[in-house]
Amino acid sequence: LSLLLHDMPPNSLLYPVSPDQCTFEAVLRHRGIQPAEGSDLLPDASFYQSVCDSEAGAVIRKMCPGLRRKGVHAIRTLRTLFHNMDSDCDGLNPITAFCGALNALGVWVNDEDIELLRGSIGVESPGQPESFADYILFLQVLVGDRNALLNEQRLLILREAYAKLRETHPDLSVPELIQKFSPTALKPEYCPDIDIHERVEQFLMQWVLPNADGSVQWLDFLDYYVDVSMAMPSDALFDEFVRAAWSITVDEQQAAAAFLHHDSDNSAELDEHEFHLCLREMDQSLTPRECHAMFACVDFDGSGSVSLKEFLESRVMQFKKLFDEADEDGSHSLEEEEFLTVLRKLVPTMAEQEIRCLYSAVDADGGGTVSFVEFVESNLLRVLTMFEKHDTNNTWTLNESQTKAFFKDLMCTLNDELVAVIRGKLDIQSAGELTIVDIVNSNILVSLSMYHKHDKFKRGQLSPGQFHALLEEFDPSLTEKHRQLCFDYCHTHPRCGFISLLQFLQSNILSILKHFNQASSQKSPSRAREKVLDMQELHMMLQRIDPKINQSHVQIVQGIFDRDHSGQVEFAEFIQYYVDFERQFLKVMAATKIQSMLRGKWDRRRTSLVKEELASALTIQRLYRGHRTRKEVVQPKRNSFAWETGGSGLELMSPVQTVSRGVRPTVVAADILGDSGVRLAAGLSPRKSAALQTYLNHRGPTFEKPR
């Protein structure tokens, strides 16, 4: 348990008191209750037992069932009244006010009972005409326990709940705590005679804390559950209530216990061997291959060890339990309908179409069955868990900020630039949102996982040997020549002998290999080994890589790839010519969209709209991967606006700014498809726009300053 909380600040430790101090006493002191000088806050055990055995003790215990029937918050309401009437904060109330608080909760006390209470829990104060009642002793006798029923079993589940909340919110506050609370935990029998909305409102009223910053410390959390514990005599009911409130499963508790048992060096992490022992302790039926696959799934970043947080968040044991329930014949594989049933239980909020998409992604070979190892190795379980965590609207879509947080949480080594590249690869249609289907259908996850697996020294670079080993693992049919061509395709910086993660993701090489293999194996497996495509298959493959490629681009495809007019292209030829195809295709797409927009009239009243349209057109930036050597400019006319997009994004320049940057406002010329960025003049006439387009089509990629 100390490992669970190793990152908590000292003032929030689960045991902020000495071992011999009662938990109930710690809560009372946290409330500001201090005993009178020369006395203890809690009575000693012998005096407590004598009161319990007395006639007054029997009267007090008779009050308990009535209070518990009023709900889990009845005793908390009573204790709050006691504290509010305790002006001296010494644990004592005037006997009249004490009985009035009981009456307010529907517990009627007659004169005979008052005398009995005065004789057992009453305290005479010198100089005071009225005696006082020790309400702390009253609460202890009421529930029959000096520690308010907070035994080790109950404290264990409370520690686990608080640790789970602090994992996601290190500076836990009341709004965050309420956000995490599950209202379904407040069953009708826990809050009788009120509906679900009133039950939730009643729960919110319990968290008015004295802390000025609104933070929820451990003793604040415990203060609430002291009263809930007194209202629940059964450990099982208390355990169920806490788990339901904070969504804690029994599997998580067992997993945490097994993890800590095998963490022999107290490092808060397990290596692969220790992790295998931990898994086998929880499930003897696991095979070595399944254990290895589960370790790789949990250790997504390839660090070689897993933490308890990674283990619990991965949900591998939950999926294994669901898988075993559906695997009636013990074959460690499920047919389509059986596997779909498991997915429906795992992600009940997901639509049927999305669930079937997940199945198609796992059953990539179309065999009709999915093994446990096959699903775990696909990393979809981790993706689903992280996606659910960041999909706050439960729509299975992520906006831009959520996508950024999702990928950084998925792999902490990703920076903003890498996340932007990944998002650009996934959001092909520029919809602004990513669905779970977009992520599942892409090859990004496999690329990230394999790159970090082969990046042995975690430097964010792959040597030629490491890159070749990665490709050999991904596609064993690749020859040495194929692997070298792939390396040259990804390697965009000649001065550096390594391939960075940015270059690797921008190249999209694994996705290209995957689609090429799928297209070549459609007719016969032998063609997959030969790695040969005809023009129709090639065009269909390119459409899978980029949906913007359509039938109008057939001539471009044939002109670039079918240079010998054989009607076929081998993989070696394809990878050599693919860069030329990228350049030509992007050039056509950019020129077409820019030309159509420049032919429109410039309307100063629609400045914001035109800016958005031009921004979408100029999103085709960094056209040649990684090559940014100079700024190349389309110089604007006077009284027009110039648009610049480069490594820093898009900005609007006024006529004054264009002149101040040395741009002659009477000249309209230059390169729209420059390596480092694009500057574009708005407001060209159709004639000049057509002339500029003709110039671009015949000039070639090399910049020449025109007259």
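This text goes with the structure placed above it.
What you see is a predicted model; the values in this text were computed from it and never measured. Per chain, residues are indexed from 1 in the order of the written sequence. Side-chain atom pairs in this predicted model are given and counted only at pLDDT of 80 or more, local residue features only at pLDDT of at least 70, and totals for whole chains, interfaces and linings cover all residues. Working from all heavy atoms in the structure, the side-chain values ignore hydrogens and water.

Caption draft 1: Here's a closer look at the layout of surface pockets. For each structure, a 1 Å grid was placed over the protein atoms alone; sets of points admitting a 1.4 Å probe that cannot get out are labelled cavities, open sets with protein on both sides within 12 Å along at least five of seven lines are labelled pockets, and lining residues have an atom within 4 Å of a point. Grid points are joined across faces, edges and corners, and a volume is the space filled by probe spheres set on the points. Of the volumes computed, that of the second largest pocket is approximately 1800 Å³. If you trace the second largest pocket, you find 48 residues lining it, with Lys-164, Lys-180, Trp-246, Ser-247 and Glu-252 closest to the centre. Helix and strand definitions here come from DSSP, where helices need a minimum of 4 consecutive H or I residues and strands a minimum of 2 consecutive E residues; each element is numbered from the N-terminal end. Listed by contribution, the elements that provide at least two residues to the lining of the second largest pocket are α8 (152–168), α9 (174–180), α13 (250–262), α16 (308–314), α17 (316–326), α18 (336–346) and α21 (380–390). Residue polarity follows a fixed list, in which Ala, Val, Leu, Ile, Met, Phe, Trp, Tyr, Cys and Pro are nonpolar, Asp, Glu, Lys and Arg are charged, and the others, Gly among them, are polar. Looking at the lining of the second largest pocket residue by residue, the class counts come to 21 nonpolar, 14 polar and 13 charged.

Caption draft 2: Quick look at the pattern of salt bridges. Think of a salt bridge as a Lys or Arg side-chain nitrogen and an Asp or Glu carboxyl oxygen that are within 4 Å of each other. Tallied over the full model, the rule gives 25 salt bridges. Linking Arg-315 and Glu-388 is a salt bridge whose minimum nitrogen-to-oxygen distance equals 2.7 Å. With Arg-315 in the loop between α16 and α17 and Glu-388 in helix α21, this residue pair connects regions lying 73 residues apart in the sequence. For Glu-388, a relative accessible area of 28% gives the class partly exposed. One salt bridge in this structure joins Glu-337 and Arg-356, with 3.7 Å as the shortest N-O distance. Burial classes: relative accessible area under 20% of the type maximum marks a residue as buried, over 50% as exposed, and values in between as partly exposed (1.4 Å probe, protein chains only).

Caption draft 3: Local environment of the packing of aromatic side chains. Pairing of aromatic rings covers Phe, Tyr and Trp, the last through its six-membered ring, and needs centres within 6.5 Å; plane angles under 30 degrees mean stacked, over 60 mean edge-to-face, and all others mean tilted. Scanning the model with the defined rule gives 42 aromatic pairs in all. Aromatic rings pair up to connect Tyr-162, Phe-181, Phe-203, Trp-207, Trp-218, Phe-221, Tyr-224, Tyr-225, Phe-238 and Trp-246 into one cluster. Whether a charge sits over a ring depends on NZ of Lys or CZ of Arg being within 6 Å of the ring centre and within 35 degrees of the ring normal. Against the face of Phe-372 rests Lys-320, its NZ or CZ located 5.5 Å from the ring centre.

Caption draft 4: Fine view of the sheet that holds strand β1 (residues 92–94). Strand pairing is assigned whenever DSSP detects at least two bridges linking the two strands. Reading across the sheet, the three strands line up as β1-β3-β2 and stay open at both edges, with antiparallel pairing between neighbours. Of all strands in the sheet, those bounded by a partner on one side alone are β1 and β2 (122–123). Pairing of β2 with strand β3 (residues 132–134) involves two bridges; the strand directions are antiparallel. Following the sheet pairing, Gly-122 is matched in β3 by Ala-133. For this analysis, residues touch if any pair of their heavy atoms sits within 4.5 Å. Structural elements are reduced to axes, namely lines fitted to C-alpha atoms, with helices fitted over the stretch in contact, and the angle between N-to-C directions of any two is expressed from 0 to 180 degrees. Along the sheet, helix α5 (residues 95–104) makes contact with β1 and β3, crossing β1 at roughly 90 degrees. Here helix α7 (residues 135–143) sits on the sheet and contacts β1 and β3; the angle it forms with β3, its principal contact strand, is near 45 degrees.

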